[in-house]
Amino acid sequence: MRIQQSQTESEERETIVSAQGGDRVAFKALYDRYRDRVYNLIFYSLGDELGAEDVLQIVFVKIYRGLPGFRFEASLATWIYRITLNECLNQRRGRSAHHIPFEALLGSDDEMDSEAAADQQQAEGERREIIHRAVMELSPKLRAVVALKYLEELSYEEIASVLQCSQGTVASRLNRALRALEARLRPLRRLL
Amino acid sequence: MRCCRIDLQHKFSLYLNSELEHRAVKRIEDHLLDCGSCRTRLAHLRNGHRLAQELPRFTPPRDSWAVIEAAISGTQPVASRPQAAVRRREFGLKPGLALAVIGIVALVGALLIAFSKARSMEEENTGTMVAEALDLREFHTVNIADIEQNQKPHVMAEGYVSEVSVNDEDGDFSFKLVDDLGRPGPFIICEIIDPIRLSPPSVGSRVRVYGVSRYDGQADHNWYEVHPVLNIEVVHR
């Protein structure tokens, strides 16, 4: 397992070095590897699916331009996530968030479809959508920590490196996020 | 009764994510045996933790590589530092060749001018490639006067260019789109930024502008923008 991981790291290093030299195929390989991860981080940070696609493009152009300056002092993933969150911060400064209120998503009792609820797959989709919406109600800072922890599965140390803060701050934000998430979804515990 | 062991409570999320060393885990578990308040607190966090583990992952609706490739086509990676250092050292080894140096400087100057012209043509090409990669039918048409009501992120607005300006800090172009050149009225500020370096339209021309709609609410200006501009179609000059 360890040897496999080290091989992957060494392959990634070779790809990075090639991309730093302007090899477009190598950069495309990095894009393919990180595209979905970066997209999710943008999506959860901004809360806007269509905007996330635009920001994804800007982020990868910035990665391409900044890559020659990448010195392997942190992992590539950490460096990419840092660029991504900085860009999300830039984007948030200039835009007002449009999102559907959590209450609107739940709908009224009259709108609930008992037949649809019986459908296991649809129910699962709805459950995830409710959780997703509850996360989107958190502040951008808390959402970023939740996405890095639960989607990217980074350690506290890695999250602290991406956010350039202490591990204590990461722990504190995650505590607040989980408490808020639980409080938000408590009335729906029976459904979830 | 509320518990005051903030030092332990602070580590509950680390505990749930199994990121604590054995001694710290034991300290927390020993405390939990005696403290109902912390047990409740941890139970709530565990519920939040369980829900967060089910957070859905998404994939981009389209592959953006074509747009990214078009944008970086006009961008060359910066030469790495070690190479630059080698060049400087080589230069230092031949200090006596003053005439040759002057010749080289003149040649480099000429090349820079030629490169700058080629670069601006390349940037125009980049804009065209980006436009080709976009599906312009997906952009929501908005009237300049109605931009305030718009909720769609991708918009197309048509109007006259009343002024074009350059940002002193970053060299980005922006222009003002209006319905009527002769009278003051509603407007949209359109910003051309990296990575899509389009040529700004000329003042007085009528254009269709495609891009991302946003409201810029900074202290010195409050207005609606198309930012970044993704494509410009000239209706008439």
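Residues numbered from 1 in each chain as written. Chains lettered and ligands numbered in written order. Predicted model: local features only at pLDDT ≥ 70, side-chain atom pairs only at ≥ 80, totals over all residues.

Considering the overall build of chain A
Next up, step 1: The number of helices and strands found in chain A is 10 helices and zero strands.
Next up, step 2: In chain A, the succession of helices and strands from N to C terminus is α-α-α-α-α-α-α-α-α-α.
Next up, step 3: Residue burial in chain A is summarised as follows: out of 192 residues, 36% are buried.
Next up, step 4: Within chain A, contacts between residues at least 6 apart in sequence are counted, and of these 65% link residues at least 24 apart. (Helix = DSSP H or I, 4+ residues; strand = E, 2+ residues; numbered from the N terminus. Buried ≥ 20, exposed ≤ 12 C-beta atoms within 10 Å, placed from the backbone. Contact = placed C-beta atoms within 7 Å.)

A look at the overall build of chain B
Next up, step 1: When helices and strands are tallied, chain B shows seven helices and six strands.
Next up, step 2: Starting at the N terminus and walking to the C terminus, you meet the elements of chain B as α-α-α-α-α-α-α-β-β-β-β-β-β.
Next up, step 3: For chain B, the proportion of its 237 residues judged to be buried stands at 26%.
Next up, step 4: Taking all contacts inside chain B whose residues are at least 6 apart in sequence as the whole, residues at least 24 apart take part in 59%.

Quick notes on the environment of I131 of chain A
Next up, step 1: Locating I131 of chain A in the fold gives a position in helix α7 (residues 120-136).
Next up, step 2: Residues I131 of chain A and R184 of chain A, spaced 53 residues apart in sequence, show a C-alpha to C-alpha distance of 9.5 Å.
Next up, step 3: Among residues more than four places away in sequence, those in contact with I131 of chain A are L51, E54 and L55 of chain B.

Considering the nonpolar core
Next up, step 1: With 88 residues, the main nonpolar core has I42 of chain A together with A157 and V209 of chain B as its most contacted residues.
Next up, step 2: Examining the composition of this core, we find that 10 residues originate from one element, helix α2 (residues 24-46) of chain A, more than from any other.
Next up, step 3: Residues contacting I42 of chain A, with those up to four places away along its chain left out, are A52, V55, L56, T84 and C88 of chain A. (Core = buried A, V, L, I, M, F, W, Y, C linked by C-beta atoms within 7 Å.)

As for the interface of chain B and chain A
Next up, step 1: Chain B puts 44 residues into the contact, and the matching count from chain A is 46 residues.
Next up, step 2: For the side of chain B that touches chain A, the secondary-structure elements that each account for two or more residues are α2 (12-16), α4 (36-52), α5 (65-73) and β5 (206-218) of chain B.
Next up, step 3: By residue number, the principal contributor to the side of chain B that touches chain A is α4 of chain B, which donates seven residues.
Next up, step 4: Taken together, the residues that form the side of chain B that touches chain A break down as 21 nonpolar, 15 polar and eight charged. (Nonpolar A, V, L, I, M, F, W, Y, C, P; charged D, E, K, R; others polar.)

Points about the packing of α2 of chain A against helix α8 (residues 140-151) of chain A
Residues and elements named next belong to chain A.
Next up, step 1: At their nearest, the axes of α2 and α8 sit 8 Å apart, and the two run at 150 degrees to each other. Considering the angle they form, α2 stands roughly antiparallel to α8. Here the hand of the crossing between α2 and α8 comes out right-handed. Across from N40, L41, Y44 and S45 in α2, the residues of α8 making contact are P140, R143, A144, A147 and L151.
Next up, step 2: Per-class residue counts for the contact of α2 with α8 are six nonpolar, two polar and one charged. (Axes fitted to C-alpha atoms, helices over the stretch in contact; angles between N-to-C directions. Parallel < 35°, antiparallel > 145°, perpendicular 65-115°, else oblique. Left-handed = near helix turned anticlockwise from the far one by under 90°.)

Describing the packing of helix α4 (residues 76-93) of chain A against helix α9 (residues 156-163) of chain A
Residue and element names in this part refer to chain A.
Next up, step 1: One way to put it is that α4 packs onto α9 with a least axis distance of 8 Å and a crossing angle of 45 degrees. Between α4 and α9, the angle is such that the two are oblique. The crossing of α4 and α9 is right-handed. For the pair α4 and α9, contact is made by T78, Y81, R82 and L85 and by E158, S161 and V162, respectively.
Next up, step 2: Its residues placed into classes, the contact of α4 with α9 shows three nonpolar, two polar and two charged.

As for the confidence of the model for chain A
One rule of thumb: low pLDDT means the predicted coordinates there are not for detailed reading.
Residues and elements named next belong to chain A.
Next up, step 1: Counting all residues, the mean pLDDT for chain A is 81, and 78% of those residues have values of 70 or more.
Next up, step 2: When pLDDT is averaged over each element of chain A, α2 comes out on top at 94 and helix α5 (residues 102-106) at the bottom at 42.
Next up, step 3: Segment residues 97-114 is flagged for pLDDT under 50; beyond a separation of four residues in sequence, or across chains, it makes 12 contacts in the model. (pLDDT = per-residue confidence, 0-100.)

Brief notes about unusual backbone geometry
All names here are of chain B.
Next up, step 1: With an omega dihedral of 5 degrees, the bond running from H227 to P228 counts as a cis peptide bond.
Next up, step 2: Note on placement: P228 falls in strand β6 (residues 221-236).
Next up, step 3: Of note, S18 is a non-glycine position whose phi angle comes to about 55 degrees, a positive value.
Next up, step 4: Mapped onto the elements, S18 comes out in the loop between α2 and α3 (22-34).

Describing the pairing of strand β4 (residues 187-192) of chain B
Residues and elements named next belong to chain B.
Next up, step 1: Alternating residues of β4 divide into I188, C190 and I192, all buried, and F187, I189 and E191, none buried.
Next up, step 2: Both strand β3 (residues 173-178) and β4 contribute to a ladder of six bridges, which runs antiparallel. Pairing of F175 across the sheet is with C190, part of β4. (Pairing = 2+ DSSP bridges.)

A closer look at the pairing of β3 of chain B
Next up, step 1: Looking at chain direction, strand β2 (residues 154-166) of chain B and β3 of chain B are connected through six bridges and run antiparallel. Across the sheet, E163 of chain B pairs through a bridge with K176 of chain B, a residue of β3 of chain B.

Points about the confidence of the model for chain B
All names here are of chain B.
Next up, step 1: Mean pLDDT for chain B: 77, with 71% of residues reaching 70 or above.
Next up, step 2: Taken together, the stretch residues 76-97 has pLDDT below 50 and engages in nine contacts with residues farther than four places along the chain or on a different chain.
Next up, step 3: For this predicted complex, the interface confidence comes out at an ipTM of 0.74, alongside a pTM of 0.56.

Digging into the environment of H227 of chain B
Next up, step 1: Looking at where H227 of chain B falls in the secondary structure, it is placed in strand β6.
Next up, step 2: Sequence separation of H227 of chain B and G211 of chain B is 16 residues, and the distance between their C-alpha atoms is 6.2 Å.

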